[in-house]
Structures are given as structure tokens and as C-alpha cells.
Amino acid sequence: MSYTFDFEGLLPYWDQFAEGVWLTIQLSVAATIAGFVLGTFCAIARTSGSAMLKTVVGAYVDVIRNTPLLVQLFIIYFGIATLGLRIPANVAAIIALVVNIGAYVCEIMRAGIEAVPKAQIEAAECLGLSPAQTYWHVILQPAVERVYPALVSQFVLLMLASSITSQISAEELTAAANRIQSDTFLSFETYIVVGALYLALSFLMRWALLGVGFVVFKRQRKLGTAL
């Protein structure tokens, strides 16, 4: 058996690949930022909230972490439509990604918050810091710094998981690839190119996030232990 690769047949479709990459980046950045905010607030609720709030957030985390992202995506996209409210596929994709990543960020941030030594908090109170100052400077910032490598890995996985949104016709990279291979019948070549693009995006996103960490975490820069 022999097979002749024909990557040149994909050259006329470079703009569609580029549009798919751009939308993948947009979905990933939007979901990363919103998911981090959601997950952080949920982590605060699980560590410092009322009993009822802890129960509600705990239920949200358990449900999301134990059901497939694809099912969550379908529930949001098709479920909202059955209620008479139709939302664009890209909007539904972002909502699903945010809801999904928020549950994982919640558990990562909760671990970071709980890892802050109690003596450190007591010292801040002795210095006369307000509760808000104590939580921001003594608990939250060190917690983020401690778990940042885990967050980076989770956000890269989120970017890769965005490929699932092609199932509701969100025009990201995988959706573009599906359309291109159906037009050209060059399935093998198309998905090789897409795999290479996802690999490049993974490295790019990881380096970008680590660069953000290098800028934000001044203590690590001073100690020479930046991520």
C-alpha cells in the first residue's frame, strides 16, 4: 500500500485555517479569563462562605467535573433554545467552556487557599491589616502563585477542549478542518495540519501564561524562581 501526501491541495484553504485558529484563540482567552474569575469566587465561597453556599458550590463542582463537556455544551446550546432563547453557537461555546473550567479552577484555587499557613494570616491580623487586605495580599495572591503551574496546564487543556465546540457549529479550528476535508477529501493531510496547529497553540499559550506569571509574581523574580 502506498499513499502520496498532497499538502499543496490545502494551500487555497489557508485563510480558513487562519480563521479557525483565530476563533480558537478568542474562545480560549475569553473562557480562561472568565473561568478564572468564576473559579476563584467559587473557591472563596467553598473556603469562607456559609454552609449553604458551600453546598451549592460543591454541587456545581461535582456535577461539572463528573459529566462530559460535550453533554454540558449540548444542554446549554439546545436547552436554552427549547426555552425560546436562541443564542449564537460561539456564545454558547464560551458559556459552556467557562462553566466547565470554572469548576476545575475552583478546586485548584481551593487547594491553594487552604495551603496558606494559618500563622501567616494571624501575622497579618496582628499588623492591623483589614480583612479585605489580608485576603487579597496574604491569602489570594500567594494562593494563585502557589497553584499557577496547575492553572496553566488546565487552561491549555481548555484550549484543546474547545475543539468539542465544533459539534454545535462554532467555527473554530476543528470545525474549519471538518469543512476543508469534506471539500478536498484530503482528510489525512487536513488533520495533520490541524494537529500541528493545536500543538503550536499549546506551546504558545503555555509560554504566554508563563510570561504573565513572570511579570505578576515579583517575589519569584527576585528569588530567581520564576516559573
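Sequence positions are assigned chain by chain, starting from 1 and proceeding in written order. Since the coordinates come from a predicted model, pLDDT governs what is reported: local features require at least 70, and pairs of side-chain atoms require 80 or more to be given and counted, while whole-chain, interface and lining totals use all residues. The basis for every side-chain value is the complete set of heavy atoms in the structure, and neither hydrogens nor water enter the calculation.

Looking at an unreviewed UniProt entry, one finds the protein named Amino acid ABC transporter membrane protein 1, PAAT family (TC 3.A.1.3.-) and attributed to Rhizobium multihospitium. Under the heading Sequence similarities (unreviewed entry), UniProt records this for the protein: "Belongs to the binding-protein-dependent transport system permease family. HisMQ subfamily." UniProt positions are given in the numbering used here, feature names are shortened, and annotations may be inferred rather than shown by experiment.

Some points on the packing of helix α5 (residues 118–126) against helix α6 (residues 131–161)
Axes here mean lines fitted to C-alpha atoms, for a helix over just the part in contact, with angles spanning 0 to 180 degrees between N-to-C directions. Secondary structure follows DSSP: runs of H or I at least 4 residues long count as helices, runs of E at least 2 residues long count as strands, and numbering of each begins at the N terminus. In contact at an axis separation of 10 Å, α5 and α6 are set at 160° when each is read in the N-to-C sense. Judged by the angle between their axes, α5 and α6 are roughly antiparallel. Judged by the twist between their axes, the crossing of α5 over α6 is right-handed. Residues Q120, I121 and A124 of α5 form the contact with α6, whose own contacting residues are T134, V138, I139 and P142. Looking at the contact of α5 with α6, its residues break down into 5 nonpolar, 2 polar and no charged. Working rule for angles: under 35 degrees goes down as roughly parallel, over 145 as roughly antiparallel, 65 to 115 as roughly perpendicular, anything else as oblique. Crossings are assigned a handedness: left-handed for a near helix turned anticlockwise from the far helix by less than a right angle, right-handed for a clockwise turn. In what follows, a contact means two residues having at least one pair of non-hydrogen atoms within 4.5 Å. Here the term charged refers only to Asp, Glu, Lys and Arg, the term nonpolar to Ala, Val, Leu, Ile, Met, Phe, Trp, Tyr, Cys and Pro, and the term polar to all other amino acids, Gly among them.

Quick notes on the nonpolar core
As used in this record, nonpolar core signifies buried Ala, Val, Leu, Ile, Met, Phe, Trp, Tyr and Cys residues forming a set joined through side-chain atoms within 4.5 Å. We call a residue buried when its accessible area falls under 20% of the maximum for its residue type, exposed when it is over 50%, and partly exposed in between, using a 1.4 Å probe and counting protein chains only. Counting 56 residues, the largest nonpolar core has F17, M109, I113, Y148, L151, F155 and I168 as the members making the most contacts within it. For this core, the elements supplying multiple residues, two or more each, are α1 (14–48), α2 (51–65), α3 (69–82), α4 (89–114), α6, α7 (173–184) and α8 (187–216). Discounting residues that sit within four places of it in the chain, I168 has contacts with L73, F74, Y77, F78, A89, A92 and A93.

Some words on the UniProt feature "domain: ABC transmembrane type-1" (unreviewed entry) in the protein
UniProt tags residues 21–209 as "domain: ABC transmembrane type-1" (unreviewed entry). Note that residues 21–209 is 84% helix and 0% strand, and that its end C-alpha atoms are spaced 18 Å apart.

Considering the packing of aromatic side chains
Each aromatic ring pair is summarised here by two numbers: the centre-to-centre distance and the angle between the ring planes. For Phe, Tyr and Trp, where Trp contributes only its six-membered ring, two rings pair if their centres lie within 6.5 Å, and the inter-plane angle classes them as stacked under 30 degrees, edge-to-face over 60, or tilted in between. Within this structure, the stated rule accounts for 6 aromatic pairs. Three or more aromatic residues link up through ring pairs in this structure, and these residues are F5, F7 and F188.

Details of α8
Note: α-helices contain 3.6 residues per turn, so residues at a spacing of three or four share the same orientation. For a helix, the expected span equals 1.5 Å multiplied by the residue count minus one. Under the 1.5 Å per step criterion, the end-to-end length of α8 is 43 Å for 30 residues, consistent within 8% with the ideal 44 Å. Among all positions of α8, only E189, T190, V194, Y198, L201, S202, M205, L209 and G213 are buried.

Description of the pattern of salt bridges
Take a side-chain nitrogen of Lys or Arg and a carboxyl oxygen of Asp or Glu: if they are within 4 Å of each other, that pair is a salt bridge. Enumeration according to the criterion identifies 4 salt bridges in this entry. The salt bridge partner of E107 is R110, with a shortest N-O separation of 2.8 Å. Within this pair, E107 and its partner R110 are both found in helix α4, separated by 3 residues, close to a single helical turn. For E107, a relative accessible area of 19% gives the class buried. Owing to a relative accessible area of 22%, R110 belongs among the partly exposed residues under this scheme. For the salt bridge of R179 with E171, the shortest nitrogen-to-oxygen distance reads 2.5 Å.

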